[in-house]
Every structure is written in C-alpha cells, then in structure tokens.
Amino acid sequence: MAKLLEVQDLRTQFHTPSGTVHAVDGMSYDVEKGETVAIVGESGCGKSVSALSILRLLPVPSGRIVSGAIRFLGQDLLALGNEDMRAVRGRQIAMVFQEPMTSLNPVLTIGLQLTETMVQHLAISRAESAKRAVAYLQMVGIPEPEQRLKQYPHHLSGGMRQRVMIAMALCCEPTLIIADEPTTALDVTIQAQILELMKGLSQRLGVALILITHNLGVVARYADRVNVMYAGKIIEQGKARDVYRHPRHPYTLGLLRSVPRLDQPRRRQLESIPGQPPDLTRLPNGCAFVPRCGFKVERCALEVPDLVHAANGHGSACWEQERLDKPRGTG
Amino acid sequence: MTGLPESAPAANRPAADAALLDVVGLKKYFPIPQGMVFQRTVAHVKAVDDVSFRLSQGETLGLVGESGCGKTTLGRCILQLERPTAGQIRFEGTNLVELNEQELRPLRQKIQVIFQDPYSALNPRQKIGAIIAEPMKVHSIEPDRRRRRERVNELLSRCGLSPEMAQRYPHEMSGGQRQRVGIARALSTQPALLICDEPVSALDVSIQAQIINLLEELRDAFHLTYLFIAHDLSVVRHLCHRVAVMYLGKIVEMATCDTLYEHPEHPYTQALLSAVPVPDPQVEDSRQRVILTGEVPSPLNPPSGCVFHPRCPMAVASCRHEAPALRETAPGHWVACTEV
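These numbers were taken from a predicted model, which means no experiment stands behind them.

Engineer: For this particular structure, what's the right way to read the overall build of chain A?
Structural biologist: The helix and strand inventory of chain A stands at twelve helices and twelve strands. By principal-axis analysis of the C-alpha atoms, chain A measures approximately 65 × 50 × 45 Å. Each of the 331 residues in chain A was classed as buried or not, and the buried ones make up 47%. Restricting to contacts in chain A with at least 6 residues of sequence separation, those with at least 24 account for 64%.

Structure follows, in structure tokens:
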C-alpha cells in the first residue's frame, strides 16, 4: 500500500547575500494514514522550511527546492503544475501555523475566511458552506458558532483563533494536516486543550498529522513516530517510545537530558549541550554536530554519517551510535 | 498576612526574620479611560490584586502563572518601574513605595532585572562593553575608566563569555549569548535581589539549560536572591526553593517547591501541572490529565467570587460569590480555595 506521504532526500536552499543557506539538507521520512508524526528540533534547524517545501510555499525567488521527491499518495508534488498544486493545498493537505493572529486576515470575518476555502475547493454554494462552517466551529469547541461567523479575528482570544485555524484546516476534509508549532504562542492550559482537540479529531476523522515542535514533552504525549532534526538533516528517527527510551544520537540524548522533568527528582545541575547550532551557510564537512558532541571520534569531522536503521525502524545518523547504547549514569 | 512563615529548605539561608523583601497587600490597578475631551475612568484592570509574600536572603521564589495573570506587573512594581496602587514593598526594611525618585536611586542598584527577550533588551547601537558598563556609570560605582573596563571583562568571563565580546554589537551574538550579556549587566551593580522575568523562555532547549545552570552558579557564588517569574513549571521546579502560583492577579497557592509539586492542593495548580507534558511517551501514556475547559477570563471583568470558579472542576455554589482567602493548610503551605 502506498504511504500517505513520502519525502525523499529533500534539499531546500535559500540564496542570500551572505551565501547559500542549506535549510533542508537531504531529508527523508514518511507518514502513514492517520498517524501523528513529529518533527522536532531547535529554531533554525529547518523544520518549518521542510513543511513549507511540502506545500511548495517557499518564498520565491530566494527559496528553492534543489532536489528530492515529495510523494503524496504516490503522486510527486514537485512535478505538479501550479494549478494542480493549488488543488492539493488546503484540500488534501492543510496547514495550521504557529501564530494564529498573523495567519488570519484581520480585515475579513471569520465566516468569510472559513467558507472561502470550501467554495474554492468543494464547489458548493455560500449558504451550504456557511452551514458547514458552523458545524466545524462547533466541532473544534467554539461556543455560539453562528455569531462567530460575523466576527473578526481580533474579537477572539489566542486559543479561540487557533481553534478557528484548525476548523479551517479541517473544513475540506484533508487527509494530512501539517501543524507548525501550533501551540507555542499559547498558555500551558490552552496548549493542552488545543493539542488534545487536534489529536482527538485526527483519530476520529482519520487525518494524519505532522506535528512540528521544539517541545519534547508535546512530542512524547502526542506523536506515534518522531524525526529529530539538526542543521537541516534528520539525525534520528523512529517510534517515539524507542527514541525516548534509547536515544541513538548524541544530540537527542543531550536534548532529553537538558530539560528538567516534573516526573523525576530534582537534579543538582542540568546537563546542557555546550556551544551553539551551526551556521547553515557554512556547514562543516563531516557531521554538523561535531563541535558540540561528547562522543566524537576522528572520523566524525571528515565524513557525514548516513541515517542507518535498525530492524524496528529506529534510525540514527551517527558513526558512534553503538556506544550510546551502553548503560548510562543519569538521565 | 504579614507573618508568612519561612519554610524553604535552603541550607545556606540565615535566620527567618532576615526578610530581604517583604511585599504586603500589593495592588496595581490600571485605569481604563473613556471619552475624547472629558476623560473619565470607566473601569480598572486589576493586574495585581492584594498580593503578599516574603523573600529571605539567598532564597529563590518562583512566580508562575499564565499570560495576563499579573506576574510581570508584580515584578515591575518591585522594581518600581510601576508605582503600585496600594500596599507596601519593603526592601531591607525600607518601604520603596514611599520613596521619591531621588531616594530610590541608591536602592535601584540593589534590585536588578533580567528580561525575557534578549533581542529587545539590549541597545542595538551600543557595544557589549558599553552596555555592561552603563549601570556602573549611572550609579558611579567604578568611576575610573580602566577599572570599569576590567570589571566588564570580569563580568563577561563570569557569565561564560570571552572578554573580546566587549567589542561586539548585540546583533553579532546568538540569543543565548545575549541573555548572558543581560545577566552580566544586571550583576554589574552588585545587586542583592534579581528579578528574572522569563529569562529562558525565548531560548532553545539546549541553550536554556546553559542559562539555568549559569543562574544557579551565580546565585551560589554571589549569594543572590531571585524572584524567578516564569510559565515553565519544570524550569521553576529546578531552580526555586518556594513557588507562588498566580491566577488573575492573585496568588492562589504558595508552598515550598517540593510540597507544591508533590502535593498541589489548589485545583488550578493541579491542572497546570497536569498540562505540562513529560518528555517520556511511556510516562505520558499512563498519566492522568486534568484538562481545563474555558479560557483565562479578562482581568477587566473578572468573575465574581473565586476568580477561578468558571473553569474549576471542583467548584461548588458558594464559589460563585465568595472570594476565598489565602489560608495556611499545612505549615508553609498557603492555598486560596475553600474546597481543600
């Protein structure tokens, strides 16, 4: 059976005055129907660009997909013409952005923005689409949906706006939703509400979810599988359980150890990852994590490690991954 | 509520009566004006509404709550960047509220602040060296230029930056480095109390840990007292001795760190803790979750009675008209809820 989404060796670059930024540098992963896949990484690691690449929403002319393939239900999205791509975008693959205030149009009513996509994609009348809009607003837990249709984004709170964004994403019944940091701008209790809602709807409607986030806790709670990104590459991927139990890349291990956890006794000191993420215009020859890595050997600075998978699908791009399996002290 | 007992288990703390900071019945109301010509106040936003707590020398108090709960305003009141509507702020025994600008000046050296966003907290036109030296100039701490430069270098290396950084501009640095500059600047006047307003929330996970460790090191090295304002409950737990939870301008629960995280009593605290996902899928699968319904009401028009009652899973009829007072349920554990 064809995978819902297959990304193969995707490379996206930006041409800037200070050089070519290798934002996504050979990334491969897939998404099955109905599952939740997380892409986790720190700011500037290329996780958002990888999502925009799938929808071909990169800023032109600076951003360009240089090579690779993105197959959605077997069809290569990169080979589609602009018109055909528009039929996929919003209809089959929808997106929820981080900042609900800037992704909603402030001068159009909620109703207009919700019905616009339906009129465009589903060829139904305004009246029919308004009826559906009410149903979707109800589904995402917005009280008095009829009144909301006439309101503007500034009438709503951050959490409510994100609910509207989710309703917009759902209204054309897509098979895949890409959520780029959907709750980063929201408070903890609202974050829990929104993620619980998204996960519930995804399970109920069988919609697959790509969850892009920097929050390791959110990934642990909601994702089936996880891809960890560093400097434009996936450096570790696998089932969330496997990756968290037995991280096989020093970066993942470092990330997991550097967050204080509520379920464990307080430690004297946090283990931090020294140094900073690399400049994506000047990537080193070998593994990009070398300057910050505690497991490095000579080979690491010379050759880029490929993602090598174990039998359970757990992959790591590290020459020394065997050494990480050894029993550890803390963590 | 002046006599809040001290209960943090910090070993290096002196006697309980040596409160460095004593906040009593603090209120900050912002007026909402209406009318073009004849402006009149139609309502008040009660950003901070009758808050009292004590902070002893060397202690770190965490102040947590969601956006708009008044935690930043409270910090700004203590810094006297905001003049409170009512209440007292006693710092080393002096009530800051009664002082004028001139009298406040020498005390401002002693209370410094670290801001959330290291990108907007540093002047983009000043070099790092000048940024760190500025408070020393203002307070004439180190009048000699050469000595001042030495002191800047010392502060830079203390905060994990190389002295060459003094010649750089903020835009040449990463977020983590900028936050280190912010900390170095705050330390330049040798303060006793540091108000840390979300110092790590704008930073990446791997950098957050570096800054948290630095703050911890500096606290031990200089016997600093922190008021640590944050929304990230796991960071607060790591760093603080005591924690106060705020909701809509009020403290709803306050206890030692271990008590609060292990035996939270207020339903809001319980929901907050439950909302924080733990980075471990196995733990998450077996965890019970309290998901709050509804949103934080507007502080312009807060609910009657207990401000939390519309979202509270434990609310009873009396919560709607009776505002619960903060009471001590166990030594050092204060809760504002009638149902616990």
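After that view of the structure, there is still more to cover.
Engineer: Help me understand the overall build of chain B, please; the structure alone is not making it clear to me.
Structural biologist: Looking only at helices and strands, one finds ten helices and twelve strands in chain B. Here the C-alpha radius of gyration of chain B, 21 Å, is about what a compact globule of 340 residues would show, namely 20 Å. Along the first, second and third principal axes, the C-alpha atoms of chain B reach 70 × 60 × 45 Å. Long-range contacts, defined here as pairs at least 24 residues apart, represent 65% of the contacts in chain B between residues at least 6 apart.

Engineer: Teacher, can you tell me more about the interface of chain B and chain A here?
Structural biologist: The parts lose accessible area when they come together, and the size of an interface is often stated as this lost area. At the junction of the two partners, chain B supplies 35 residues and chain A supplies 37 residues. Counting only elements with at least two residues in the side of chain B that touches chain A, the list comes to α6 (205-222), α7 (233-239), α9 (267-275) and α10 (281-286) of chain B. It is α6(B) that provides the largest number of residues to the side of chain B that touches chain A, a total of seven residues. Its residues assigned to classes, the side of chain B that touches chain A shows 18 nonpolar, ten polar and seven charged.

Engineer: Looking at this model, I keep getting lost on the confidence of the model for chain B. Mind explaining?
Structural biologist: Parts of the prediction with low pLDDT should not have their coordinates interpreted in detail. On average, residues of chain B score 90 in pLDDT, and 95% of them are at 70 or above. Predicted complex, confidence summary: ipTM 0.82, pTM 0.86.

Engineer: Looking at this model, I keep getting lost on the sheet that holds strand β2 (residues 19-31) of chain A. Mind explaining?
Structural biologist: Hydrogen bonds between backbone groups are what pair the strands of a sheet, and the pairing can be parallel or antiparallel. All names here are of chain A. Here four strands make up an open sheet; going across it, the order is β2-β1-β4-β5 and the pairing antiparallel. Edge positions in the sheet fall to β2 and β5 (75-76), since each has one partner strand and no second. Two strands pair when backbone bridges link them, and strand β1 (residues 5-16) and β2 are joined in this way by ten bridges, in the antiparallel orientation. Note on β2: the bridge partner recorded for T12 is V24.

Engineer: I tried to follow the nonpolar core on my own but got confused; where do I start?
Structural biologist: One recurring pattern in soluble globular proteins: nonpolar side chains tend to sit buried together. Ranked by size, the top nonpolar core spans 189 residues in total, and within it I210(A), L227(B) and F228(B) carry the most contacts. The greatest single-element share of this core, amounting to eight residues, is contributed by helix α7 (residues 158-170) of chain A. In this structure, L227(B) is in contact with L55(B), L61(B), L63(B), G75(B), I78(B), L193(B), I195(B) and C196(B), ignoring residues within four places of it in sequence.

Engineer: It is not clear to me how helix α8 (residues 188-205) of chain A should be interpreted in this structure. Could you clarify?
Structural biologist: Think of an α-helix as turning once every 3.6 residues; residues three or four places apart then point the same way. Look at α8(A): 25 Å from first C-alpha to last across 18 residues, which is about the 26 Å you get at 1.5 Å a residue. The secondary structure elements touched by the buried residues of α8(A) are β3 (36-40), α7, β7 (176-180), β8 (208-213) and α9 (216-222) of chain A together with α9 of chain B.

Engineer: Which parts of the structure should I look at to understand the packing of helix α3 (residues 128-138) of chain B against helix α5 (residues 175-187) of chain B?
Structural biologist: Helix packing geometry: the angle between the two helix axes and the distance between the axes. All names here are of chain B. Closest axis-to-axis distance for the α3/α5 pair is 7 Å, and the angle between their directions is 30°. Here α5 runs roughly parallel to α3, going by the angle between their axes. As α3 packs across α5, the resulting crossing turns out to be right-handed. On the side of α3, the interface is formed by I128, I131, I132 and P135, while α5 contributes V181, A184 and R185. Grouping the constituent residues of the contact of α3 with α5 by class yields six nonpolar, no polar and one charged.

Engineer: Would you mind showing me how to read the sheet that holds strand β12 (residues 315-316) of chain A here?
Structural biologist: All names here are of chain A. Read from one edge to the other, the open sheet built from eight strands follows the order β6-β7-β8-β3-β9-β10-β12-β11, with strand pairing classed as mixed. Across the chains shown, the open sheet's two edge strands, defined by having one partner strand only, are β6 (93-96) and β11 (308-309). Bridge count between β3 and strand β9 (residues 225-230): four bridges; the pairing is parallel. Considered in β9, the bridge of V40 is made with V228.

Engineer: Explain the pairing of β3(A) here, please?
Structural biologist: In the case of a regular strand, side chains alternate between the two sheet surfaces. Residue and element names in this part refer to chain A. Across the five residues of β3, five count as buried, placing the element largely inside the fold. Residues of β3 alternate between two faces, with T36, A38 and V40 on one and V37 and I39 on the opposite face, all of them buried. Where β3 lies against β8, five bridges are found, and the strand directions are parallel. Along β8, the bridge assignment pairs V40 with T213.

Engineer: Honestly, unusual backbone geometry in this entry has me stumped. Any pointers?
Structural biologist: In terms of backbone geometry, most residues other than glycine have negative phi values and most peptide bonds are trans. V60(A) connects to P61(A) through a cis peptide bond whose omega is 5°. Turning to its location among the elements, P61(A) is positioned in the loop between α1 (47-54) and β4 (63-72). One non-glycine residue, A231(A), adopts positive backbone phi at about 50°. Note that A231(A) resides in the loop between β9 and β10 (233-239). Look at A231(A) and you get buried, because 23 C-beta atoms sit within 10 Å. Its identity as a non-glycine residue notwithstanding, L248(B) has a phi of 45°, on the positive side. Looking at the element boundaries, L248(B) is found in the loop between β9 (242-247) and β10 (250-256).

Engineer: For this particular structure, what's the right way to read helix α1 (residues 71-78) of chain B?
Structural biologist: Residue and element names in this part refer to chain B. In terms of burial, α1 is largely enclosed, as seven of its eight residues are buried. Three or more residues of α1 are buried, namely K71, T72, T73, L74, G75, C77 and I78. Q80 sits one or two positions beyond α1 and adopts a positive phi of about 60°.

Engineer: Explain the packing of α3(B) against helix α4 (residues 145-158) of chain B here, please?
Structural biologist: Residues and elements named next belong to chain B. Contact geometry for α3 and α4: axes closest at 10 Å, N-to-C directions at 115°. Helix-helix and strand crossings are classified by hand; for α3 and α4 the assignment is right-handed. Seen from α3, the contacting residues are G129, I132, A133 and M136; seen from α4, they are R148, R151, V152 and L155. When its residues are assigned to classes, the contact of α3 with α4 shows five nonpolar, one polar and two charged.

Engineer: Quick question: what am I supposed to make of the environment of E173(A) here?
Structural biologist: Mapped onto the elements of the fold, E173(A) is located in the loop between α7 and β7. Separated by 94 residues in the primary sequence, E173(A) and R267(A) have C-alpha atoms spaced 46 Å apart.

Engineer: Just checking my understanding: could you explain the environment of P274(A) for this structure?
Structural biologist: All names here are of chain A. Topologically, P274 is positioned in the loop between α11 (250-258) and β11. Owing to 12 C-beta atoms within 10 Å, P274 belongs among the exposed residues under this scheme. Remark: the alpha-carbon pair of P274 and G46, spanning 228 residues in sequence, is separated by 21 Å.

Engineer: It is not clear to me how the confidence of the model for chain A should be interpreted in this structure. Could you clarify?
Structural biologist: Per-residue pLDDT for chain A averages 91, and the proportion of residues at 70 or more is 97%. With pLDDT under 50 throughout, residues 327-331 of chain A is counted as low confidence; its partners more than four residues away or in other chains account for three contacts.

Engineer: I keep staring at the environment of Y152(A) and nothing clicks. Help me out?
Structural biologist: Residues and elements named next belong to chain A. Tracing the chain through its elements places Y152 in the loop between α6 (145-148) and α7. For Y152, a count of 15 C-beta atoms within 10 Å puts it in the partly exposed group. In the structure, Y152 is positioned 43 residues away from T109 in sequence and 4.6 Å away in space, judged by C-alpha atoms.

Engineer: So what exactly am I meant to see when it comes to the pairing of β10(A) here?
Structural biologist: Residue and element names in this part refer to chain A. Across the seven residues of β10, six count as buried, placing the element largely inside the fold. As defined by bridge partners, β9 adjoins β10 across six bridges and the pair is classed as antiparallel. Counted as the bridge partner of V226 is G238 from β10. Bridge count between β10 and β12: two bridges; the pairing is antiparallel.

The rules behind each value
- Residues numbered from 1 in each chain as written.
- Chains lettered and ligands numbered in written order.
- Predicted model: local features only at pLDDT ≥ 70, side-chain atom pairs only at ≥ 80, totals over all residues.
- Helix = DSSP H or I, 4+ residues; strand = E, 2+ residues; numbered from the N terminus.
- Buried ≥ 20, exposed ≤ 12 C-beta atoms within 10 Å, placed from the backbone.
- Contact = placed C-beta atoms within 7 Å.
- Rg over C-alpha atoms; globule rule 2.2 N^0.38 Å.
- Nonpolar A, V, L, I, M, F, W, Y, C, P; charged D, E, K, R; others polar.
- pLDDT = per-residue confidence, 0-100.
- Pairing = 2+ DSSP bridges.
- Core = buried A, V, L, I, M, F, W, Y, C linked by C-beta atoms within 7 Å.
- Expected span 1.5 Å × (residues − 1).
- Axes fitted to C-alpha atoms, helices over the stretch in contact; angles between N-to-C directions.
- Parallel < 35°, antiparallel > 145°, perpendicular 65-115°, else oblique.
- Left-handed = near helix turned anticlockwise from the far one by under 90°.

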